[in-house]
Amino acid sequence: NGKSPLLRADTLCMNFGGIMAVKDFSFHIDAGETVGLIGPNGAGKTTCFNMLTGFYSPSNGRVLFKGEDITNRKPHAIARLGLVRSFQKTNVMKRLTVFENVLTGHYMAGRQSLLSTFFPGEKVRRAEREARESAAEIVETMGLSHRMNAPASLLSCGELRLLEVAVALAAKPSLLMLDEPAAGLNSHEATTFGAVLKTLVGRSIDALLIVEHNMELVMSVSDRIVVLNFGRKLAEGKPTDILENREVAEAYLGKA
Ligand code: ATP
């Protein structure tokens, strides 16, 4: 349709002292899409995340976000453009409440200077009110309203994973990239988690990229799946096609 994608990666390579962790990886994400990035352990998924978000400088290739070349930009500058990622490590502070954690996500993303809240003028008071309204809305979107004032330390594993996404959403991403967001969830919790994820695109964010080992979850939430193996793209397509792909099945079995 001639419209450029939200994110485009061209022939990305990452070389760690002679080891090609990622080789000639090209892909794109359109607005409105949820894309799943999968592959066996060590396939290069996290390395790709790091290159797309400025944590690694690719050995070769480039990344375009909203048509802008962001290849060698700093992570915080990329986040400010609207490309926000999560880490495998939690971003939740256990002693703060659910609401406070989301509000903190807002400040951490540099949406409002914390300093300015100590010298409040009318403009700051309005921004503060808007931040609180937005945080409450995100908590609701993630289905955590009933836990709004509970300390994060009291949350179940399923609720904690939802809160982690909520904190990332507080940075107001256009494209959200989640690295193994359902780690540790049982199948019932993963189903609830997936149902909430499916509501985000078009409502809270423009597009979603998810790296996830839980196949049932990633296949159910994604419009398109990209498979990495030994740092190269092995396959790409609809979840149903990927599930039937022999090469993909062999890549997973080969590592088992
Ligand atoms: P997992 O599913 O286990 O998280 P992954 O698909 O995210 O794996 P990466 O963590 O990207 O895989 O690793 C890809 C390859 O690059 C691996 O062989 C890994 O050992 C290597 N690698 C990753 N980061 C570095 C680094 N900083 N220095 C050297 N080698 C690295």
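The present account deals with the structure reproduced in this document. (Residues numbered from 1 in each chain as written. Predicted model: local features only at pLDDT ≥ 70, side-chain atom pairs only at ≥ 80, totals over all residues. Heavy atoms only, no water.)

Moving on, we come to the environment of Gln-88. Along the polypeptide, Gln-88 turns up in the loop between strand S6 (83-85) and helix H3 (98-108). Separated by 41 residues in sequence, Gln-88 and Arg-129 have C-alpha atoms that sit 31 Å apart. Other than its neighbours up to four places away in sequence, Gln-88 contacts Thr-46, Asp-179 and Glu-180. A polar atom in the side chain of Gln-88 sits 3.4 Å from the side chain of Asp-179. Reaching out from Gln-88, the side chain makes a polar contact with the side chain of Glu-180 at a distance of 3.4 Å. (Helix = DSSP H or I, 4+ residues; strand = E, 2+ residues; numbered from the N terminus. Contact = heavy atoms within 4.5 Å. Polar contact = N/O pair within 3.5 Å; in protein donor to acceptor, adjacent residues only side chain to side chain.)

A word on the sheet that holds strand S4 (residues 60-65). An order of S2-S1-S4-S5 is seen for the four strands of this open sheet, with the pairing classed as antiparallel. Looking at which strands have only one partner, the edges of the open sheet turn out to be strand S2 (19-29) and strand S5 (68-69). Bridge analysis of S4 against S5 gives two bridges, and the strand direction is antiparallel. Following the sheet pairing, Leu-64 is matched in S5 by Asp-69. (Pairing = 2+ DSSP bridges.)

Turning to the side chain of Asn-229, a few remarks are in order. Its place among the elements puts Asn-229 in strand S9 (residues 224-229). Residue class for Asn-229 comes out buried when judged on its relative accessible area of 14%. Those residues in contact with Asn-229 that lie beyond four places of it in its chain are Pro-40, Ala-43, Leu-234 and Ala-251. (Buried < 20%, exposed > 50% of the residue type's maximum accessible area, 1.4 Å probe, protein only.)

As a packed pair, helix H5 (residues 157-169) and helix H6 (residues 187-197) sit with axes 9 Å apart at the nearest point and diverge in direction by 25°. Looking at the two axes, H5 sits roughly parallel to H6. You can see that H5 and H6 cross each other, and the crossing is right-handed. Each of Cys-157, Gly-158, Arg-161, Leu-162 and Val-165 in H5 lies in contact with H6, whose residues at this interface are Glu-189, Phe-193 and Val-196. Taken together, the residues that form the contact of H5 with H6 break down as five nonpolar, one polar and two charged. (Axes fitted to C-alpha atoms, helices over the stretch in contact; angles between N-to-C directions. Parallel < 35°, antiparallel > 145°, perpendicular 65-115°, else oblique. Left-handed = near helix turned anticlockwise from the far one by under 90°. Nonpolar A, V, L, I, M, F, W, Y, C, P; charged D, E, K, R; others polar.)

Judged by side-chain charge, Glu-130, Glu-133, Glu-137 and Glu-140 come together as a negatively charged surface patch. Summarising the element assignment, Glu-133 is placed in helix H4 (residues 122-141). Judged by its relative accessible area of 48%, Glu-133 falls in the partly exposed class. (Patch = residues over 30% accessible without salt bridge, like charges linked within 9 Å, V, L, I, M, F, W, Y side chains within 5 Å. Areas by Shrake-Rupley, 256 points an atom, 1.4 Å probe, with all protein chains shown as cover. Salt bridge = Lys/Arg side-chain N within 4 Å of Asp/Glu carboxyl O. Lys, Arg positive; Asp, Glu negative; His and termini not counted. Charge placed at Lys NZ, Arg CZ, Asp CG, Glu CD.)

Moving on to the site of the ligand. In the vicinity of the ligand, 14 residues are found, and the nearest of them are Gly-42, Gly-44, Lys-45, Thr-46 and Thr-47. Here an oxygen atom of the ligand and a backbone polar atom of Gly-44 are 2.9 Å apart. Here His-213 contributes a side-chain N or O atom positioned 2.9 Å from an oxygen atom of the ligand. When the ligand sits alone it has 640 Å² of accessible area, and the protein chains cover 61% of it. (Near = heavy atom within 4 Å.)

Looking now at unusual backbone geometry. Unlike most non-glycine residues, Asp-24 shows phi in positive territory, near 45°. Along the chain, Asp-24 falls in strand S2. Assessed through its relative accessible area of 38%, Asp-24 is described here as partly exposed. Despite not being glycine, Phe-230 has its phi angle at roughly 50°, a positive value. Locating Phe-230 in the fold gives a position in the loop between S9 and strand S10 (232-237). Take Phe-230: its relative accessible area is 58%, and that puts it in the exposed class.

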